[in-house]
Amino acid sequence: MSNDDLFTCIDHVGYAVLNLDDAITFHTEVLGWRLLHRETNQEQGVEEAMLGTGEQLPQNAQVQLLAPLNENSTIAKWIERNGGKGGIQQVCYRVADLDRTCAALRERGVRLLYDTPKIGTGGSRINFAHPKDVGGILLEIVEPAAQAH
């Protein structure tokens, strides 16, 4: 990775789902993914699960399943806007230094949803780029907890 690179890899693809238990069952029993981590994020109003395959090396991308905790959560509103169905809600890029990446993106005219990073899955630090500034998809940016400073 060059010192000029902002991103290290695709971290995960996030799916909005109606029922987390049903989605986990489908992804593990039908598609063959493995449940790696499950947690509730009250601040973001979601229950989530991270899925992976094989030996799950640090550079491997994962699948994130996101179910709303209530009708006011961002995921519930996303599902409602999409006809009451789940689907791909976001793509997440991994970074080594979230603060550096956020500053660089802002300098380049990309709006970020949070002024300061929030805590995400497993204690990671996260922010999101506005879909209108990055080609129409919600782009999450994550600095894994092991790298957070």
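As a reminder, the structure under discussion sits directly above these lines.
Residues numbered from 1 in each chain as written. Predicted model: local features only at pLDDT ≥ 70, side-chain atom pairs only at ≥ 80, totals over all residues. Heavy atoms only, no water.

Colleague: Mind laying out the environment of Asn41, listing which residues take part and the relevant values?
Modeller: Mapped onto the fold, Asn41 is located in strand S2 (residues 34–41). For Asn41, a relative accessible area of 9% puts it in the buried group. For the pair Asn41 and Pro68, spaced 27 residues apart in the sequence, the C-alpha separation amounts to 9.9 Å. Apart from residues no more than four positions distant in its own chain, Asn41 is found in contact with Val46, Glu48, Leu69, Ile119 and Gly120. At a separation of 3.2 Å, a polar atom in the side chain of Asn41 contacts the main-chain amide nitrogen of Glu43. (Helix = DSSP H or I, 4+ residues; strand = E, 2+ residues; numbered from the N terminus. Buried < 20%, exposed > 50% of the residue type's maximum accessible area, 1.4 Å probe, protein only. Contact = heavy atoms within 4.5 Å. Polar contact = N/O pair within 3.5 Å; in protein donor to acceptor, adjacent residues only side chain to side chain.)

Colleague: Break down helix H3 (residues 98–107) for me, citing the residues and quoting the values.
Modeller: All buried positions along H3 are accounted for by Leu98, Thr101, Cys102, Ala104 and Leu105. Across the axial projection of H3, the buried residues extend over an arc of 165°, all falling on one side. Against the buried residues of H3 lie strand S7 (125–129) and strand S8 (139–143). Directly after H3, the chain includes Gly109, whose backbone phi takes a positive value near 90°. (Arc of directions from axis to C-beta.)

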